[in-house]
Amino acid sequence: MSSLLLYTIVLIGAVGLYFFIRPGSFQLRTAAGLVGLGAIAYLGVLIAREVGGVDQDSPILYGIFGLIAIYGAGQMVSNRKPVQAALHFILVVIASAALFILMQAEFMAFALVIVYAGAILITYMFVLMLADQVHRDGDDPDDDRRPREPATAVVVGFIMLAVLCDALYGRDHASLRLPPESAALAQQRQWMSLAVLDRSLERAVADVAPGYREVVRRDGLPLMRVDGGTASVLIVDADGVEREVKLDPREMPGNTTQLGLSLVAGFPASLELAGVILTMAMFGAVVLARRQLELGEEQRREVMGLPRTTAEAPENQPARGGST
Amino acid sequence: MTAVTGVVPMDPWALNIALLVSATLFAIGLVGFLARRNMILMFLCTELMFQAAALAFVAFGRMHLDVSGQVFVIFILTVAAAEAALALGLVVLLFRKRETLSAEAWSELREQPSA
């Protein structure tokens, strides 16, 4: 795609966003929002058509949820009422959770809804409601409602989006296509994660070969053969005979299993660090939220268990000079 | 009973659409961070940018048929939760001092002259 076309479309979107976040009549804002959404949608259609190969999933779902997310984001940066802006962020979260499901990230989709929409957003809503602004006489009551320098902000956003789009779509798309054998490799990897999940492997084998003695292992790993959607394991069955059993395809580790395995086995140090970050954030929040008392020098020494300065002073200073 | 969905490589157009949505959300979050006056909503806009990054992570992870992208979303959630706790603590602290949520009230970084 030529850069000029790309920049033009992004520019139209940016102009739409500019008139959308500025205070104005309802009709103007609606029209501007539609123009901005339309520009992004047109860009998406152009890109999809250029890349081609729309056959497996349905593109309409990606389009719908993407547009819902963008609409929610636009409302979030422009809505006059802070609480409604926060509610529109929930719309963004739910729309991107839907996109996650389309991209087969089911666990993260639900975690996103629970943690983001359920926990983080509710905290934001609480603070929005707690910090209710009282408009004193001298204040401009519209202070919170006018955007601050919308033109500059939109220009910065436009440059950001143009650069991102140029980096993503200004090049050829051959690199985006994985080699065909990668799917088989991924399937093999998915089955192979059973090798380290002893409990799941035992359950899977017990389903097809009840009363088996043990799974044959070499170097601690079970002997497993993967062929497309099926996998077979070498076991010693109840009669003491070695044989190969085919596992039920339903025992293939799913998204959550793989995610957990990757998290714990692949990023153990990062996982611990995440825990440390959360703990420190909790301490930080406690320290910040505490009411700060203005203590004098004497009170502070008292709290720390030090003797009072006034009691020490006469002993130290004149005594030395006086004794000699 | 039901057929197990096999591992299918992602269509490049789907990756591109997801990345376009991600880039747009990021840009809108940036615009919002610069344009909103309400400090809480400014932080909410940074959450929007986190969201865009998470979308890109999942899309690239899906493209490479690897769950590591989703693992990074877990870390993004962690950082977002920590940020929410700290940022909201700070905002409440600032609100107590000036009785307003507007970031403009803090454009001059000095003590308010006591009346």
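Since this is a predicted model, take the numbers as computed values, not measurements.

Colleague: Before we move on, can you summarise helix 7 (residues 181–192) of chain A with the specific residues and values?
Modeller: All names here are of chain A. With twelve residues, helix 7 extends 16 Å between its outermost C-alpha atoms, agreeing within 8% with the 16 Å of an ideal straight helix rising 1.5 Å per residue. Listing the buried residues of helix 7 in full gives Ser 182, Ala 183, Ala 186, Gln 187, Gln 190 and Trp 191. Among the structural elements, strand 4 (224–227), strand 5 (230–236) and helix 9 (255–266) are those in contact with the buried residues of helix 7.

Colleague: I'd like to hear about the interface of chain A and chain B, residue by residue, with values.
Modeller: With 100 residues of chain A at the interface, the matching set in chain B holds 83 residues. Here chain A meets chain B over a buried area of about 8200 Å², counting both sides, of which 73% is carbon and sulfur. Looking only at chain A, the three residues that lose the most surface to chain B are Met 103, Tyr 124 and Arg 148 of chain A, adding up to 10% of its buried area. Connecting chain A to chain B are zero salt bridges. Taken together, the links from chain A to chain B amount to seven residue pairs in polar contact (both at pLDDT 80 or more). At eleven residues, the largest contribution of residues to the side of chain A that touches chain B is made by helix 5 (residues 106–130) of chain A. Partitioning the side of chain A that touches chain B into residue classes produces 63 nonpolar, 24 polar and 13 charged.

Colleague: Which residues make up the nonpolar core, and what values do they have?
Modeller: In this structure, Phe 89, Phe 100, Met 103, Met 108 and Tyr 116 of chain A together with Leu 25 of chain B are the most contacted members of the largest nonpolar core, which totals 97 residues. Residue contacts for Leu 25 of chain B: discarding those within four places in its chain leaves Ala 69, Ile 70, Ala 73 and Val 92 of chain A together with Leu 48, Ala 52 and Leu 55 of chain B. Counting 15 residues, the second largest nonpolar core, distinct from the first, contains Trp 191, Leu 194, Val 205 and Met 252 of chain A.

Colleague: For the pairing of strand 6 (residues 242–246) of chain A, give the residues involved together with the corresponding values.
Modeller: Pairing of strand 5 of chain A with strand 6 of chain A involves five bridges; the strand directions are antiparallel. Its bridge partner lying in strand 6 of chain A, Leu 234 of chain A is registered against Glu 244 of chain A.

The rules behind these values
- Residues numbered from 1 in each chain as written.
- Chains lettered and ligands numbered in written order.
- Predicted model: local features only at pLDDT ≥ 70, side-chain atom pairs only at ≥ 80, totals over all residues.
- Heavy atoms only, no water.
- Helix = DSSP H or I, 4+ residues; strand = E, 2+ residues; numbered from the N terminus.
- Expected span 1.5 Å × (residues − 1).
- Buried < 20%, exposed > 50% of the residue type's maximum accessible area, 1.4 Å probe, protein only.
- Contact = heavy atoms within 4.5 Å.
- Buried area = accessible area lost by both parts, 1.4 Å probe.
- Salt bridge = Lys/Arg side-chain N within 4 Å of Asp/Glu carboxyl O.
- Polar contact = N/O pair within 3.5 Å; in protein donor to acceptor, adjacent residues only side chain to side chain.
- Nonpolar A, V, L, I, M, F, W, Y, C, P; charged D, E, K, R; others polar.
- Core = buried A, V, L, I, M, F, W, Y, C linked by side-chain atoms within 4.5 Å.
- Pairing = 2+ DSSP bridges.

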